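# Analysis of the macromolecular model
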Amino acid sequence: MASQADVLLRCLQEAAKAAKPALERCIDHAVAALQLAEAQSLKANERDDLALAWRELLRHRDGWCARYPGALLTAFHQPATPATQPVATRAPVHALAGADMFSLIDDTEVEQGIESARLQQQVAPMVEQVLAELDGLMSSAQGLVNVRAQANPVRPEVYAQTLRTLLLDAPVAPTISTLWIKHLGEPLGRELKRIYERLINVLELAQVRAASYRVLQTPASTGQKPGSTAAGPGAPGGPVGIGYASDEPFTRAPSQYADLSNHDVKDALFQDFLFRGGSNADHGLAPAYYATIEEELIALKGTPDSAQAALQPEPAAPDAGDEARSYRGTRSDPRRPALPAQDADEEPHNPSRIVDVLSQLSSQVWGVYGRARERALVRTQLRKDATRVGQVLGMEVVKKLVNQVAQDPRLLVPVREAIVALEPSLLRLAMVDSRFFSEENHPARRLMERVAQRSFKYHDEHSPAFDIFFHSLTEAFNGLNALEIEDARPFGAALAELQALWDEQDRHERDLRGTMRQTMQFAEERQAQADQIALDMSLRADLDQVPGVVLDFLFGPWALVMAHARLTDTARQIDPQGYGSLVTDLLWSVKRQATLKRPGKLIAMIPGLLGKLHAGLASLGLDPGETEAFFDAMERLHRPVLKLRRVRSRRDAVESDSAPLEVGMGETDLSDLSDLLPATPEQRKAKAAGQPWLAPQELDQAGFEDTLPSGPAALGATPEPQDNTPASKAPDSGAADTPSDAAGDSARQPADILMGLREGSWVDIYSRRHWLRAQLIWASTRGTLFMFVSHGGQPHSMTKRSCERLIRDKLMRPVDTHGVVAQALDHLVKEAAPVDPPGRAA
């Protein structure tokens, strides 16, 4: 058995280790609450303060969370303040702000003391009950006979004062730090309660017996009738300063699992079940366990519903006109665009609402299991019905797993509530299959994961599309809760039914996506062939004296025409439509010296040449305006020969092809041919296009709403898309940054983020003054063109440059969709992992 000193040391290490993720969650909660307050505020100055407060929290988050455990460990080892009274009482928090406290200290210390007191005042009610239990155990672990609350090294004051010291490091105005304190208090209290419960587990497993409380008579207790029970410090209705009226060891309500084959459902047993399948899983349950559960069940049945609504208020009753949505939280401020519903700091799904197994849900949606008390009754009754340790442990995993998924900030609030509502059927499943959660392909686990993944399709909970999804979800989950679960088949059937419904809903969109993907793939293949054709043409021997404007046309639009003809030719001809053989005639027709010697040939060639050029460009779908410059150059190149024909017609003379032309040419001003000089060596090199060229109709089908081509090979130089929202006036992009990844994303370059996307990845895009949830369905081979599709099959295609601009301006961001259930299980495993002993390498 470990010595009390070793147990105490382990407790301190456990408390410090748990502080980092606890502070992360506190800051995430505070950021979300501040952003919600900012969105709802009508005062400009107040909104500015709130925005600065949450931004500064995000900026300091990682640094504070890294330093907090070490600072706490140092504080834990500081000598406790000597107790002025032998009784184990804790002074009321408001007493810290008494007048005597401020008599000999400066204003700064007064402010700090007030803010620390405020923080403690918020925390105290939330940990009051569990702290009384922990004080007794910690005092005993320190070798004290009687409880000394001030000697508890992990008392709330230590956490609050250490956190306040960290906050003081930030150079911000007092109003900002006051906002921090205001919004950090509630989550800190909740996290401390969890830490204290875990420390109690550690101490109980080490068989530490709680120290006793002694009574200290105070004026408030005099006159009390003999035999009456004195309220303990902090007990409901008990006056502060009254200890427990007993010198017996501190007694408390029996643990939820008083006896499980000589084990408690605490760290050691839980770790064994999670990591190794549970060596005691098939053992029976001792009579004391059933006695405890029976007492718990009786107490629960006598508890009113309202007592179960921990940590959050009962949602308002739905309005008659909007019953399906009213319980999901308030809508976003209409003055501010709704932000991507991705993480714990985004407002559309009101992430500040805490959802867990204690949450009260809508009875209109979830029936009887909308009430936390009813779910608790199912949970406790099933524990009473259990016959093996494994069943009890399996249900404990279900409860924790549901709790973790319900707190996943990536999910919309209604989806998290749906997972909570599903708990009764999952608990019943654990009775017959206690380790179903460990099988990735188990129908129940797949159902939870598929529902979560499907929900990522929806940007917020207020759209008609989400209503359809959520309605089918409630029907499926309520149906499962109504069944007596004997095996996993009902979960498989529910998933199959939902999947069939989703497939039917997606059929039209899937067809549209297939068509759009084919369009983009065809354009990419056409461009690849055009690049090769252009390269082959650049190696021809008859390019001497050909003007650069003509080569630009041949290497660009005409190469695309030839490639398009080859791809669409079903007869597999060598030169479909003769577009390749036309190149020879075109090159000859623009060589001035050659055409002046044989004007008759050129004059006979021009009508057919122009006709085929226009026909080829029309087959490509090219806007005539895009080649206007080329045809203007052709007209000027052919003008001397055409003038000669008019001169000859006037003279009514018949001469040979080789007759001198000086008379006709003498009237031509050659100065307008200066831009038609032979191509330079650089112009004679064919260059591959940066991304596929798209015809106007293809651009429209692909969703290039704001990107208009300026030429067949100039899509890469397209002006950046305009959505009438300058970056300086864009919605507050910071509100879409998750606290957990804001620092990581800020360190990554837009190009890295973009290249990290794969087909099937979801992103949030700000388009036409609205946030949209869209999925990447295609990217060009070279990674220069990307097609996303939002709800209803609406395409959004962009060049790499446009995507990087949107990412840089926080107008496009990836959506984290990695396994929801797997992440929750990983969290449980980390929570259950034993603390490394001192000196052991991590």
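Residues numbered from 1 in each chain as written. Predicted model: local features only at pLDDT ≥ 70, side-chain atom pairs only at ≥ 80, totals over all residues. Heavy atoms only, no water.

What follows is about the overall build of the protein chain. When you go through the protein chain residue by residue, the secondary structure sums to 26 helices and 5 strands. Counting only contacts in the protein chain whose residues sit at least 6 apart along the sequence, the fraction spanning at least 24 positions is 77%. Just so you have it, the protein chain exposes about 38,500 Å², and 53% of that area is on carbon and sulfur atoms. (Helix = DSSP H or I, 4+ residues; strand = E, 2+ residues; numbered from the N terminus. Contact = heavy atoms within 4.5 Å. Areas by Shrake-Rupley, 256 points an atom, 1.4 Å probe, with all protein chains shown as cover.)

What follows covers the nonpolar core. Core analysis: the largest hydrophobic core is formed by 68 residues, its most contacted members being L401, L426, V451 and F477. Per-element tally for this core: the top contributor is helix α10 (residues 389-406), with 10 residues. With residues up to four places along the chain from it excluded, the contact list for L426 reads V398, V402, F436, A444, M448 and F491. In terms of nonpolar packing, the next biggest core, distinct from the first, is built from 59 residues, A53, Y68, L163 and L192 among them. (Core = buried A, V, L, I, M, F, W, Y, C linked by side-chain atoms within 4.5 Å. Buried < 20%, exposed > 50% of the residue type's maximum accessible area, 1.4 Å probe, protein only.)

Glancing now at the environment of L677. With respect to the element layout, L677 can be found in the loop between α21 (662-665) and α22 (696-702). Here L677 falls in the exposed class, since its relative accessible area comes to 55%. Among all residues touching L677, those that are not within four sequence positions of it are P547 and G548.

In space, the 5 strands of this open sheet follow the order β4-β3-β2-β1-β5, with antiparallel pairing throughout. The outermost strands of the open sheet, each flanked by one partner alone, are β4 (794-799) and β5 (812-814). Each neighbouring strand pair of the sheet contributes to a mean axis angle of 35°, computed without reference to strand direction. Of the strands in this sheet, β3 (785-790), β4 and β5 are in contact with helix α25 (residues 800-808), which crosses β4 at around 100°. (Pairing = 2+ DSSP bridges. Axes fitted to C-alpha atoms, helices over the stretch in contact; angles between N-to-C directions.)

So, about the pairing of β4. Burial runs high along β4: 5 of the 6 residues are buried. If you look at the hairpin formed by β3 and β4, you'll find 3 residues sitting between the two strands, and G792 has a positive phi there, around 85°.

Following the sequence through the fold, Q545 ends up in the loop between α15 (489-538) and α16 (548-568). The class for Q545 is exposed, based on a relative accessible area of 54%. Separated by 45 residues in the primary sequence, Q545 and V590 have C-alpha atoms spaced 8.5 Å apart. In this view, Q545 contacts V590, K591 and P678; residues no more than four positions away in its chain are not counted.

For the rest of this paragraph, the subject is helix α13 (residues 443-455). Taking 1.5 Å as the rise per residue, α13 with 13 residues should run 18 Å; its terminal C-alpha atoms sit 18 Å apart, in good agreement. Taken residue by residue, α13 has A444, R445, L447, M448, E449, V451, A452, R454 and S455 as its buried positions. (Expected span 1.5 Å × (residues − 1).)

With that settled, the discussion passes to the packing of aromatic side chains. Counted by the stated rule, this structure contains 17 aromatic pairs. Ring centres of Y458 and F466 lie 5.8 Å apart, and the angle between their planes is 80°; on these two criteria the pair is classed as edge-to-face. As far as the burial class goes, Y458 and F466 line up, both buried. Centre to centre, the rings of F630 and F631 are 5.1 Å apart; their planes meet at 70°, and the pair counts as edge-to-face. When its relative accessible area of 4% is taken as the criterion, F630 is described as buried. F631 sits in the buried class, given a relative accessible area of 16%. Put simply, the rings of W366, Y458, F466, F469, F470 and W502 pair up and form one aromatic cluster. (Phe/Tyr/Trp six-rings, centres within 6.5 Å; stacked < 30°, edge-to-face > 60°.)

Next up on the list: the confidence of the model for the protein chain. In low-pLDDT regions, the fine details of the predicted coordinates are not to be read closely. For the protein chain, the mean per-residue pLDDT works out to 76, and 71% of the residues sit at or above 70. Confidence drops under a pLDDT of 50 for residues 261-265, and excluding neighbours within four residues, the segment shows 17 contacts in the predicted structure. Of the regions scoring below 50 in pLDDT, residues 653-671 engages in 22 contacts with residues more than four places distant in sequence or in other chains. (pLDDT = per-residue confidence, 0-100.)

Here we take up unusual backbone geometry. Notably, Q545 is not glycine yet its phi reads approximately 65°, a positive angle. A positive phi is found at K810, a non-glycine position, where the angle reads about 60°. Here K810 shows up in the loop between α25 and β5. For K810, a relative accessible area of 24% corresponds to the partly exposed category.

Moving on to the packing of α15 against α16. Where α15 meets α16, the axes come as close as 7 Å, and the angle between the chain directions of the two elements is 120°. Regarding the angle of α15 to α16, the classification is oblique. The two elements α15 and α16 cross, and the hand of that crossing is right-handed. Between α15, through F522, E525, R526, Q527, Q529, A530, I533, A534, M537 and S538, and α16, the contact on the second element is made entirely by L554, F555, A559, L560, M562, A563, H564, R566, L567 and T568. (Parallel < 35°, antiparallel > 145°, perpendicular 65-115°, else oblique. Left-handed = near helix turned anticlockwise from the far one by under 90°.)

Applying the stated criterion to the full structure yields 35 salt bridges. The shortest N-O distance in the salt bridge between R373 and E374 comes to 3.3 Å. Judged by its relative accessible area of 17%, E374 is buried. A single network of salt bridges, built from pairs that share partners, joins R25, E191 and R194. (Salt bridge = Lys/Arg side-chain N within 4 Å of Asp/Glu carboxyl O.)

It is the contact of helix α2 (residues 44-76) with helix α5 (residues 174-205), at a shortest axis distance of 10 Å, that shows an interaxial angle of 70°. Our classification of the angle between α2 and α5 gives roughly perpendicular. Residue-level inspection shows D49, L50, L52, A53, E56, L57 and W64 of α2 in contact with α5, the latter providing T175, I176, L179 and W180. Across the contact of α2 with α5, the residue classes tally to 8 nonpolar, 1 polar and 2 charged. (Nonpolar A, V, L, I, M, F, W, Y, C, P; charged D, E, K, R; others polar.)

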